Amino acid sequence: MSAGHSGNGHAESNRAAFEIDKIVASVADKPGALMPVLHAVQDRLGYIPPDAVPTIARALNLSRAEVHGVISFYHDFRSAPPGRNIIRVCRAESCQAMGAIELAAHIQKRLGIEFGQTSADGGYTLEPVYCLGNCACSPAIVVGLDIHGRVTPERFDEIISAISPRGTESR
């Protein structure tokens, strides 16, 4: 269970199933509907629940393996709820040349998580991204919807402290 689970998992599951059914019904008859369905589900719920895969597969006349394959192939799709703050670190060449490898190591240590993980308190999810289009200001990160350039470990600490005054202690 995710951190902060409120105990109403059944109600949340029913709401998610209702939302998924609504989304699938709105685009199921269009060619190539899988990607729009997956994006819409993730936009609405924040992730694609694993128990949604059979529903989506059935509605689109696809196998569960085909749906799961698309979800697992594309890095932007999540199969678990993200943290309250999603942090994306550019891993492309320009950012690497300007210190992104060291920055990523600092971020991982500061948050106590690796890429693709969410902190135990549900506060942060750390994701790699391969080019933010901000190469002139490398290294770059995105926190929530805000892009930050020329980020040093010290600047990252400032950004995180602004989000959460107590921040996250190094582990």
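Quantities reported herein were computed from a predicted structural model and do not represent experimental measurements.

Draft legend 1. Examining helix H4 (residues 64-73) more closely. All of the buried residues in H4 are Val67, Val70 and Ile71. One face of H4 carries all of its buried residues, which in axial projection span an arc of 100 degrees. With respect to the buried face of H4, the exposed residues turned more than 90 degrees away are Ala65 and Phe73. Looking at the buried side of H4, the elements it contacts are helix H2 (34-45) and helix H3 (53-60).

Draft legend 2. Just the sheet that holds strand S1 (residues 85-90), in detail. Spatial ordering of the open sheet is given by S2-S1-S3-S4, a layout of 4 strands whose pairing is mixed. Because the sheet does not close on itself, it has two edges, and the strands there are strand S2 (124-129) and strand S4 (146-148). For this sheet, the mean inter-axis angle between neighbouring strands, taken without regard to orientation, is 20 degrees. Each of S1, S2 and strand S3 (141-143) is contacted by helix H6 (residues 100-111), which is oriented at about 155 degrees to S1, the strand it contacts most.

Draft legend 3. The side chain of Arg110, seen in detail. One can find Arg110 in helix H6. Its relative accessible area of 11% is what places Arg110 among the buried residues. At 2.6 Å, the side chain of Arg110 forms a polar contact with the side chain of Asp157.

Draft legend 4. Quick look at the environment of Ser72. Among the structural elements, Ser72 can be located in helix H4. Counting along the chain gives 51 residues from Ser72 to Gly123, while the straight-line C-alpha distance between them is 23 Å. Among the polar contacts made by the side chain of Ser72, one reaches the main-chain carbonyl oxygen of Gly69 at a distance of 3.3 Å.

Draft legend 5. Structural view of the packing of H3 against H4. Where H3 meets H4, the axes come as close as 8 Å, and the angle between the chain directions of the two elements is 115 degrees. As for how H3 packs across H4, the hand of that crossing is right-handed. Across the interface between the two elements, Val53, Pro54, Ile56 and Ala57 of H3 pack against Arg64, Val67, His68 and Ile71 of H4. Per-class residue counts for the contact of H3 with H4 are 6 nonpolar, 1 polar and 1 charged.

The rules behind each value
- Think of each chain on its own: its residues are numbered from 1, step by step along the sequence as written.
- In keeping with the model being predicted, local features are shown solely for residues with a pLDDT of at least 70 and side-chain atom pairs are shown and tallied solely at 80 or more, while totals for entire chains, interfaces and linings include all residues.
- The basis for every side-chain value is the complete set of heavy atoms in the structure, and neither hydrogens nor water enter the calculation.
- Categorising residues by exposure relies on relative accessible area from a 1.4 Å probe, with only protein chains included: less than 20% of the type maximum marks a residue as buried, more than 50% marks it as exposed, and the intermediate range marks it as partly exposed.
- Here a helix means four or more residues in a row that DSSP labels H or I, a strand means two or more in a row labelled E, and each is numbered from the N terminus.
- By definition, the arc is the one covered by directions from the helix axis to the C-beta atoms.
- Two residues form a contact once any of their heavy atoms are found within 4.5 Å.
- Here, a strand pair is defined by DSSP locating no fewer than two bridges between the strands.
- Orientation is described by axes fitted as lines to C-alpha atoms, over the contacting stretch for helices, and by angles from 0 to 180 degrees between their N-to-C directions.
- Each polar contact in these results corresponds to two N or O atoms within 3.5 Å; when the atoms are within protein, one needs to be able to donate a hydrogen and the other to accept it, and residues that are neighboring in sequence are counted only if both atoms are side-chain atoms.
- In this scheme the handedness of a crossing depends on how the near helix is turned from the far one: anticlockwise by less than a right angle means left-handed, clockwise means right-handed.
- Residue classes follow a fixed rule: Ala, Val, Leu, Ile, Met, Phe, Trp, Tyr, Cys and Pro count as nonpolar, while Asp, Glu, Lys and Arg count as charged, and any other residue, Gly among them, counts as polar.

Geometric descriptors of this kind do not, in isolation, establish any biological role.
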